[in-house]
Amino acid sequence: MAEIYDTLVIGAGQAGLAAGYYLQQHQRRFLLLESHARVGDSWRQRWEGLRLFSPQRYNALPGLPAPGEDWYLPTRLELADYLENYAAHFSLPVTLSCTCERAHKKEDGSWRLETSRGDYHARKLVVATGAYRTPSLPEALAVAFPDSVAQYHSSAIKRVEDLVEEQSDVLLVGAGASGQQLARLVLALGARTTLAGPAVSNLPRHFLGKDIYWWLYNSGMMTARTYRWPGKMLVAEGKGEVTVGEPPVPAGVQRITAKIEAYRDGRLHFASKQTAPLQWPAADRKGVIIWCTGYHNQYPWLPEEMLAADGRPRHSAGRSTVYPEVTFLGLPNQRHTNSSLVGGVGQDAGELLGG
Ligand SMILES: Cc1cc2nc3c(=O)[nH]c(=O)nc-3n(C[C@H](O)[C@H](O)[C@H](O)COP(=O)(O)OP(=O)(O)OC[C@H]3O[C@@H](n4cnc5c(N)ncnc54)[C@H](O)[C@@H]3O)c2cc1C
């Protein structure tokens, strides 16, 4: 007879671990299923040189402070190690190298998960598979470039040195935090560097002597509930991207604030008539594009009825509106403005699973 868990958590990133913490507190019979070989690997796989924009004071999961000084900005590896230590510290049961391939709702109301390591059964599910995993690309634009141009999404970059040479002509599309940070790394290699995409508001790292996160948290902006006023308004207003404390883009980077509309005859064409078409790549250089165009979520393994036409889960503040025994964690703005951040997902997990 197959073992039936009270809850199966799919994904053991920060969201899954926060779920595990509360399930353990409430003595549930649960298991976390994780595709990667190590807890923290989704951070380890991000590019070399990446530092978090959120300081350690706000990078803690429930029950275990993040190490080091409050205002220190950790590297991706330090955050990955914190997550791995967290799982060990609380002895959370994680089955690694286990990918959930299909979720089946059974006639008795419980769930069967088909995974790369066999079937698992549970009464409830927590979906914690990450909001920033599936690359978003402007496909129609991407296919217009010739094969001689190498193209990567920012999520595929491990070390810029492996893809870019001094003789490269690098076009970074999308000027949010990823685009700006990667542009600096590319320029440092001596490559010709162009960063294209509308300007993004950048909050100063410090304001009146305090880290901006101090202000964001103490004003309630980072923790506002997104399903009622004023959180609803903050989400609506904050639709555009905002970066925090990014140093100015170095003068050596060619910065184009117009949106690229098309690529024809070896030239980039822009949405703004004020920006003249630009020949790219330069004749003597090898073109490399890094798409810093964000992410969307896909859940090909969930039953179709749980998803809206655009593929997003049907949920209300993290609870599936189709099968209420299924909880989502880590989605942007799902309960609070910081729901998808390491310092925010714990609160959501407590509210959804702590009762
Ligand atoms: C470049 C970048 C920089 C960021 N910087 C910050 C920052 O400074 N501060 C901050 O707070 N946040 C930051 N974030 C946002 C967020 O904190 C991270 O994206 C974080 O990794 C989200 O954690 P998560 O647990 O929700 O998802 P993930 O870390 O993506 O974890 C999800 C886990 O689910 C597993 N999984 C997925 N599908 C399956 C499946 N079918 N079966 C089994 N396992 C599965 C994955 O292997 C993965 O380990 C950043 C995001 C990006 C992309």
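Treat the numbers as computed from the prediction; the structure is a model and nothing was measured.

Peer 1: Quick question: what am I supposed to make of the site of the ligand here?
Peer 2: The environment of the ligand is made up of 32 residues, and the closest members are G11, G13, L52, G130 and G330. For the shell around the ligand, the secondary-structure elements that each account for two or more residues are α1 (14-25) and α2 (41-44). Counting residues per element, the shell around the ligand draws most heavily on α1, which supplies three residues. Grouping the amino acids of the shell around the ligand by side-chain chemistry returns 13 nonpolar, 15 polar and four charged.

Peer 1: What is the right way to look at the nonpolar core in this model?
Peer 2: Generally speaking, soluble globular proteins have nonpolar side chains that are buried together. Counting residues in each nonpolar core, the largest one holds 51 residues, and the members touching the most others are L8 and A19. Here this core takes seven residues from α1, the largest share from any one element. Non-local contacts of A19, meaning those with residues more than four positions away in its chain, are made with V9, V126, A128, L329, A349 and L353. Among the nonpolar cores identified, the runner-up in size contains 26 residues, and L171, A175, A191 and W280 belong to it.

Peer 1: How do you make sense of the packing of α1 against helix α8 (residues 345-353) when you look at a structure like this?
Peer 2: Describing two packed helices takes the angle between their axes plus the distance from one axis to the other. Running from N to C, α1 and α8 point in directions that differ by 40°, and their axes come no closer than 9 Å. It follows that α1 is oblique to α8 by the angle criterion. Along this stretch, α1 crosses α8, giving a crossing that reads as right-handed. Contacts from Q14, A15, A18, A19, Y21, Y22 and L23 of α1 reach α8 at V345, G346, A349, G350 and L353. By residue class, the composition of the contact of α1 with α8 is nine nonpolar, three polar and no charged.

Each value, and the rule that gives it
Residues numbered from 1 in each chain as written. Predicted model: local features only at pLDDT ≥ 70, side-chain atom pairs only at ≥ 80, totals over all residues. Near = placed C-beta within 6 Å. Helix = DSSP H or I, 4+ residues; strand = E, 2+ residues; numbered from the N terminus. Nonpolar A, V, L, I, M, F, W, Y, C, P; charged D, E, K, R; others polar. Core = buried A, V, L, I, M, F, W, Y, C linked by C-beta atoms within 7 Å. Buried ≥ 20, exposed ≤ 12 C-beta atoms within 10 Å, placed from the backbone. Contact = placed C-beta atoms within 7 Å. Axes fitted to C-alpha atoms, helices over the stretch in contact; angles between N-to-C directions. Parallel < 35°, antiparallel > 145°, perpendicular 65-115°, else oblique. Left-handed = near helix turned anticlockwise from the far one by under 90°.

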